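Geometric and topological summary
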Amino acid sequence: MKIAVYCSAKDRIPEEYLSLGDTLGKWIAQAGHTLVYGGATGGLMTRVSNATKEAGGTVEGVIPQRIIQAKRMADNCDALYTVANMNERKQKMKELADCFVCLPGSYGTLDEMMDVIASGTVDEHRKPCFVLNYNGFYGGLIAQIEYMRQLNFLPQEEQYAPVFVNTIEELIEKLSLIILK
């Protein structure tokens, strides 16, 4: 299975968040899956890709020209797809992946997450999306989703919705279950 991981590229985040990338990357490799990620260096992106490689896994990166020009291209990818821009990156990652994982991140992570969710709601794909709400990181987003549902901007029962989990262990358990289906 190819697992797309969206996450922070910032280095100066707490170590406990960076270690999430280590745990997930190691599991991806040990379970025989492939990591699909943004192909860049920094923060959780580096940690998840390095952990996958160090545990003997396969890493596929999708990197826009602008990030290459900024000299932030990862050197540990088994396959590296170069695209023109961030929109093409999102599209290519959705094509490559069998499922999506969103770890803590910033605007880019939110953009990628919302793109996956929005395209799933209009039936462009049926690939599951898991969001790690570690230490309540996405609590504000969860509250906003509930508020939108209360005001009927979202249906009470969505056909496609992200699955929020609170721990890395719960995330790995959910990923393991979709493999068994």
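In what follows, the structure referred to is the one given above.
Described in the following lines is the structure provided in the data block. The structure displayed is predicted, hence computed values, not measured ones.

1. Quick word on the environment of Val59
Summarising the element assignment, Val59 is placed in strand S3 (residues 58-64). Using a relative accessible area of 0% as the deciding quantity, one classes Val59 as buried. Taking the C-alpha atoms as reference points, Val59 and Lys2, 57 residues apart in sequence, are found 9.4 Å from one another. Residues in contact with Val59, not counting those within four places in the same chain, are Leu35, Tyr37, Ser49, Thr52, Lys53, Asn76, Cys77, Asp78 and Ala79.

2. A look at the nonpolar core
Grouped together as the largest cluster of nonpolar side chains are 30 residues, with contacts concentrated most on Val5, Leu24, Val101, Leu103, Leu171 and Leu175. When residues of this core are traced back to their parent elements, those giving at least two are strand S1 (2-6), helix H1 (15-30), strand S2 (34-37), helix H2 (43-54), S3, strand S5 (99-102), strand S6 (129-132) and helix H7 (168-180). Counting residues per element, this core draws most heavily on H1, which supplies 5 residues. Counting 20 residues, the second largest nonpolar core, distinct from the first, contains Tyr6, Val36, Ile145 and Tyr160.

3. A few points about the pattern of salt bridges
Once the charged atoms of two side chains with opposite charge are near each other, the side chains can pair. Scanning the entire structure with this criterion turns up 10 salt bridges. Across the salt bridge formed by Glu112 and Arg89, the nearest N and O atoms sit 3.7 Å from each other. Of the two residues, Glu112 sits in helix H5 (residues 107-121) while Arg89 sits in helix H4 (residues 86-96), which places them 23 residues apart along the sequence. Accessibility expressed as a relative area gives 4% for Arg89, which makes it buried. Put simply, Glu15, Asp22 and Arg47 are held in one network by salt bridges that share partners.

Procedures and definitions
- Residues numbered from 1 in each chain as written.
- Predicted model: local features only at pLDDT ≥ 70, side-chain atom pairs only at ≥ 80, totals over all residues.
- Heavy atoms only, no water.
- Helix = DSSP H or I, 4+ residues; strand = E, 2+ residues; numbered from the N terminus.
- Buried < 20%, exposed > 50% of the residue type's maximum accessible area, 1.4 Å probe, protein only.
- Contact = heavy atoms within 4.5 Å.
- Core = buried A, V, L, I, M, F, W, Y, C linked by side-chain atoms within 4.5 Å.
- Salt bridge = Lys/Arg side-chain N within 4 Å of Asp/Glu carboxyl O.

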